[in-house]
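Report on the structure
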Amino acid sequence: MKILVTRPEPQASQWAEQLRAAGEPADALPLIEIGPPPDATAVHAAWAQLPHTRLVMFVSPNAALWFARQRPAGITWPATTLAAAPGTGTADTVRQCLHNAGLQDAQIISPAPDSDQFDSEHLWPLLAPLPWQHEHVLIASGGDQGEARGRQWLTQQLQAQGAQVSATLVYQRQAARWSTAQQQLATQAHAQPERHVWLLSSSEAIDHLRQAWADQGGLPPGARALATHPRVAENAKLAGFTHVRDTRPTLEAVAQARRTWAAETA
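Note that the structure is predicted; figures quoted are calculated from it, not measured.

Each value, and the rule that gives it
Residues numbered from 1 in each chain as written. Predicted model: local features only at pLDDT ≥ 70, side-chain atom pairs only at ≥ 80, totals over all residues. Heavy atoms only, no water. Pairing = 2+ DSSP bridges. Helix = DSSP H or I, 4+ residues; strand = E, 2+ residues; numbered from the N terminus. Expected span 1.5 Å × (residues − 1). Buried < 20%, exposed > 50% of the residue type's maximum accessible area, 1.4 Å probe, protein only. Arc of directions from axis to C-beta.

Some remarks on the sheet that holds strand β7 (residues 136–141)
With parallel pairing, five strands are arranged side by side in an open sheet as β6-β5-β4-β7-β8. The sheet is open, and its two borders are formed by β6 (108–109) and β8 (164–169), each paired with just one other strand. With three bridges joining them, strand β4 (residues 55–58) and strand β5 (residues 82–84) adopt parallel strand pairing. For Val56, the partnering residue across the bridge sits in β5 and is Ala83.

Let's talk about helix α7 (residues 180–191)
Here α7 spans 17 Å end to end across 12 residues, near enough to the 16 Å set by a 1.5 Å rise per residue. Within α7, the full set of buried residues consists of Gln182, Leu185, Ala186, Ala189 and His190. Projected onto a plane normal to the axis of α7, the buried residues spread over an arc of 140 degrees and lie on a single side. Exposed and facing more than 90 degrees away from the buried side of α7 are Thr180, Ala181 and Ala191.

Considerations on unusual backbone geometry
For the peptide bond that leads from Glu9 to Pro10, omega is 10 degrees, which places it in the cis range. For His134, which is not glycine, the phi dihedral falls at a positive 65 degrees. Tracing the backbone through its elements, the reader meets His134 in the loop between α5 (120–127) and β7. Judged by its relative accessible area of 60%, His134 is exposed.

Right, dumping it as structure tokens:
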């Protein structure tokens, strides 16, 4: 039972490589492709406003990556500006991409690695004790619908505390364009659903997969998915995945979930 990692690149290949290093059969098969935002000037303006911004909320690793890539020359990260991430993967990318800009580890706020979930709801208890009256908060995202619910919920909490919240598109998303080898892998997964398990971290990715397989009658009977969030799991079931299981979004949890599932079906 091979794991198909559907995250955008470069995360998909990184996850697949690390899973294989742990002895797990895995391949990268991205369902979402990331590109630059439609208006880079808005990102440049956000960088210029950082001294007047109390917090930048990065909704995903790609939000941190693309925000960092578009840093104007000569601008550094202020000591008074915090950075928030909904999970450890995003927090690690924030640290890696923005350290050279001046961001320090003590300025990064994120749920603990052993948190039950990595999302806005589990981030909020760490933010709630801080004073937000009249403070500016920037949410850096790709504007996708899968992130929208968490963004909206967090925005409401911050606004209720008196914060002024704005959002900037720092990248944009579209359906991934598969190589010939990736198309062949997807064809194999459709023909042999019992031998593949889709690792899903985004509801948008599910929509792209359904569109990719529309000419083949949609998802095949017996299609399997590991979902890294309950909302994604719910949407996977609605989309037609026959077998869906939740897993924490860590390499260790995904590997254990696959091994357990494979043993049960052997």
